Amino acid sequence: MSDDRWLDEDAGPIFRPYTVTRGRTRLRDDSLNLISLLEATGLPVPRRTRLDPEHRRVLAVCAEPITFADLSSEIDLPVGVVRVIVDDLREENLLRVLRPTPTGDVPDELVLRKLLHGLRAL
Amino acid sequence: MDYAHSDTAVHEPAARRRGGGQPIAAKILVAGGFGVGKTTMVGSISEIRPLRTEELLSDRSAGVDDTTGVSGKTSTTVAMDFGRITMGDGLILYLFGTPGQQRFWFMWDELALGAVGAVVLADVRRLADSFAAIDYFEDRGTPFMVAVNCFDGAERKDPADVRIALDLDADVPLVMCDVRSRDSAKEVLISMVEHVLARTAAARR
């Protein structure tokens, strides 16, 4: 895709969110689940790395573990865009991904029982 | 990028986690045809959160270079039905409405991954609208149930007839509900989790 495609008025607003990812839509690591927990590692930002405001916002929100879905909602950017930003930050070891439950992606029986208890108490 | 160096607060989560502070997240999908009440159900039982997806431009969607189908804003940035129920013990249940239109089906795989299960909402006047979702979860092996949303004035149907019309396996729960009611939506979710627990127990035997 040539660069002038991005400048075409007819392209409309659809491409703009991806300017924060510098047009990148492909990911290095595609294992993010919407309920994966993200957490800032607290490691220093490498000197060669220049972080955009959106990247900093994501890091700040991830100071405490937060799900990918909640992060996207909080940052108010489309999921696909936040996915790329998260991928950038993981690449720099500034963000880590934790499984949504102690046993992995799929809830185990203990989590299910807690869920049932929680729902009944609503 | 100065503050990340100076901000000591970023080291705190690890300390908190040692005290068991990491939340546990689970999700249940709400599927079904257009206008069957997915948005209403998510809204009646959970705290609605704005969530936009723009996956048409991701590498997983076909036709990224083809703008013919994405001229309208609604087809590019799509609001998803997304709700959160925060429970005690750091447990959070998320509800995701699966986008009904066929062009968003590629998103279902990601949504279904790691889900507790799926609630397929059905409307007795348009049962055929539920077939696609039922087929999808059957093929995938995702635990699911059918919740028949009984709208005002809708013809009451015998659940046994609905089960036959939908060609449901005997072990798939089918309940009648009114998703506008918080209690009714809650009962549906309880049935969902009970069903999955029963499956888990059966698999262990």
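Residues numbered from 1 in each chain as written. Chains lettered and ligands numbered in written order. Predicted model: local features only at pLDDT ≥ 70, side-chain atom pairs only at ≥ 80, totals over all residues.

**Brief notes about the overall build of chain B**
Right, on to step 1. The secondary structure content of chain B amounts to 7 helices and 9 strands.
Right, on to step 2. With 205 residues in all, chain B has 38% of them scored as buried.
Right, on to step 3. Sequence-distant contacts, at least 24 apart, represent 75% of the contacts inside chain B between residues at least 6 apart. (Helix = DSSP H or I, 4+ residues; strand = E, 2+ residues; numbered from the N terminus. Buried ≥ 20, exposed ≤ 12 C-beta atoms within 10 Å, placed from the backbone. Contact = placed C-beta atoms within 7 Å.)

**Observations concerning the overall build of chain A**
Right, on to step 1. Within chain A, the regular secondary structure consists of 4 helices and 3 strands.
Right, on to step 2. In chain A, which comprises 122 residues, the proportion classed as buried is 39%.
Right, on to step 3. Nonlocal contacts in chain A, meaning residues at least 24 apart in sequence, comprise 73% of its contacts between residues at least 6 apart.

**Overview of the pairing of strand β1 (residues 37-40) of chain A**
Here is the key point about a regular strand: its side chains alternate between the two faces of the sheet.
Residues and elements named next belong to chain A.
Right, on to step 1. Inspection of the sheet shows β1 paired to strand β2 (residues 66-67) by 2 bridges, in the antiparallel sense. In the strand pairing of β2, L38 is matched with I66.
Right, on to step 2. Where β1 and strand β3 (residues 95-98) come together, 4 bridges link them in antiparallel fashion. Its bridge partner being in β3, A40 is matched across the sheet by L95. (Pairing = 2+ DSSP bridges.)

**Overview of the sheet that holds strand β1 (residues 24-32) of chain B**
Residues and elements named next belong to chain B.
Right, on to step 1. Ordered by their spatial adjacency, 7 strands build an open sheet running β2-β5-β6-β1-β7-β8-β9, and the pairing between neighbours is mixed. The sheet is open, and its two borders are formed by β2 (47-48) and β9 (174-177), each paired with just one other strand.
Right, on to step 2. Relative to strand β6 (residues 91-97), strand β5 (residues 82-86) is paired through 5 bridges, and the arrangement is antiparallel. In the strand pairing of β6, R84 is matched with Y94.
Right, on to step 3. In the packing of helix α5 (residues 131-140) onto the sheet, contacts are made with β1, β7 (117-122) and β8 (144-149), and the angle to β7 comes to roughly 160 degrees. (Axes fitted to C-alpha atoms, helices over the stretch in contact; angles between N-to-C directions.)

**Focus: the nonpolar core**
Right, on to step 1. Core analysis: the largest hydrophobic core is formed by 75 residues, its most contacted members being V119 and V120 of chain B.
Right, on to step 2. Ignoring sequence-local partners within four residues, the contact set of V119 of chain B consists of I28, V30, A31, M145, A147, V188 and M192 of chain B. (Core = buried A, V, L, I, M, F, W, Y, C linked by C-beta atoms within 7 Å.)

**Considerations on α5 of chain B**
All names here are of chain B.
Right, on to step 1. All of the buried residues in α5 are A133, I134 and F137. The buried residues of α5 occupy an angular sector of 100 degrees when the element is viewed end-on, so they sit on one face. The outward face of α5, more than 90 degrees from its buried face, is lined by the exposed residues D135 and D139.
Right, on to step 2. Buried-residue contacts for α5 involve β1, β7, β8 and α6 (159-166). (Arc of directions from axis to C-beta.)

**So, the environment of L43 of chain A**
All names here are of chain A.
Right, on to step 1. Assignment of secondary structure puts L43 in the loop between β1 and α1 (53-61).
Right, on to step 2. Using a count of 14 C-beta atoms within 10 Å as the deciding quantity, one classes L43 as partly exposed.
Right, on to step 3. Sequence separation between L43 and L94 is 51 residues; the distance between their C-alpha atoms is 5.9 Å.

**Digging into helix α7 (residues 182-204) of chain B**
Right, on to step 1. With 23 residues, α7 of chain B should reach 33 Å at 1.5 Å per residue; the first-to-last C-alpha distance of 33 Å fits that figure.
Right, on to step 2. Those residues of α7 of chain B that fall on the buried side of the exposure criterion are A185, V188, L189, M192, V193 and V196 of chain B.
Right, on to step 3. Among the structural elements, α4 (109-120) of chain A together with β1, α3 (38-45), β7, β8 and β9 of chain B are those in contact with the buried residues of α7 of chain B. (Expected span 1.5 Å × (residues − 1).)

**Looking at the packing of α3 of chain B against α7 of chain B**
All names here are of chain B.
Right, on to step 1. At their nearest, the axes of α3 and α7 sit 8 Å apart, and the two run at 100 degrees to each other. Judged on the interaxial angle alone, α7 and α3 are roughly perpendicular. Counting all contacts with α3, which are made through M41, S44 and I45, the residues of α7 involved are R182, A185, K186 and L189.
Right, on to step 2. Residue classes in the contact of α3 with α7 are distributed as 4 nonpolar, 1 polar and 2 charged. (Parallel < 35°, antiparallel > 145°, perpendicular 65-115°, else oblique. Nonpolar A, V, L, I, M, F, W, Y, C, P; charged D, E, K, R; others polar.)

**Details of the environment of R96 of chain A**
All names here are of chain A.
Right, on to step 1. Along the chain, R96 turns up in strand β3.
Right, on to step 2. C-beta crowding within 10 Å serves as the criterion here: with 16 such atoms nearby, R96 is assigned to the partly exposed category.
Right, on to step 3. Along the primary structure R96 and E39 are separated by 57 residues, whereas in three dimensions their C-alpha atoms are 5.4 Å apart.
Right, on to step 4. Residue contacts for R96: discarding those within four places in its chain leaves E39 and T41.

**Some remarks on the confidence of the model for chain B**
Residue and element names in this part refer to chain B.
Right, on to step 1. Chain-level pLDDT for chain B is 80 on average; 75% of the residues reach the 70-or-more range.
Right, on to step 2. Confidence, expressed as mean pLDDT per element, reaches its minimum in chain B at helix α2 (residues 12-18) with 39 and its maximum at β8 with 97.
Right, on to step 3. Throughout residues 1-19 the model reports pLDDT below 50, and contacts reaching past four residues in sequence, or to other chains, amount to 19 contacts.
Right, on to step 4. Counting interchain partners and residues more than four positions distant, the pLDDT-below-50 stretch residues 56-75 has 24 contacts.
Right, on to step 5. Confidence estimates for the predicted assembly give a pTM of 0.80 and an ipTM of 0.79. (pLDDT = per-residue confidence, 0-100.)

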